[in-house]
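These are the residues of each chain, in order.
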Amino acid sequence: MDGGGSTDMTLAFELEALKRLARPEEVFSDARTWSEYVGVVSDKPTYVVTNFTRKNRIRQDFFSGPRGREESLENVKKQFDTDRHVFIGVDDDDAALAESVDWEFLPVEQAAEAAEWDLGDPEDESGDEDGEERDDWP
């Protein structure tokens, strides 16, 4: 998917973009072959991101934690000094966020097409919303 650009890249997925992919664990594995660092950012509570990544066996290099997306992307850019910082998102708000923190923006549909990732049904998620039962407790 590098499109001829540098593979010295930090790649961040908005959680909602990751949920639109049919096999997020395979996407992460693939992205690791041409990215230095791959992670997830979201305004959702940390346990929502943790549940999704654990359920899909995703090992992330970074995540937003208790911080908001803007602060998270700024911190990731400072921490991971790569040639490119690419944010994969879903809408105009994500594009505006990427621009405000000087990241490249790529809509999930365009990323999926370029990398030959399959899109899934964004409504087909269950068990990871704020009000759902938590399974990350000991």
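Residues numbered from 1 in each chain as written. Predicted model: local features only at pLDDT ≥ 70, side-chain atom pairs only at ≥ 80, totals over all residues. Heavy atoms only, no water.

**Comments concerning the overall build of the protein**
Within the protein one finds 6 helices and 5 strands. Starting at the N terminus and walking to the C terminus, you meet the elements of the protein as β-α-α-β-α-β-α-β-α-β-α. Within the protein, the fraction of its 138 residues that count as buried is 43%. A separation threshold of at least 6 residues defines the contact pool for the protein, and within that pool the share at least 24 residues apart is 69%. Only carbon and sulfur atoms are counted for the fraction: they give 40% of the accessible area of the protein, which is about 7,500 Å². (Helix = DSSP H or I, 4+ residues; strand = E, 2+ residues; numbered from the N terminus. Buried < 20%, exposed > 50% of the residue type's maximum accessible area, 1.4 Å probe, protein only. Contact = heavy atoms within 4.5 Å. Areas by Shrake-Rupley, 256 points an atom, 1.4 Å probe, with all protein chains shown as cover.)

**Considering the confidence of the model for the protein**
Of the residues in the protein, 83% reach a pLDDT of 70 or more, and the chain-wide mean stands at 87. With pLDDT under 50 throughout, residues 123–134 is counted as low confidence; its partners more than four residues away or in other chains account for 19 contacts. (pLDDT = per-residue confidence, 0-100.)

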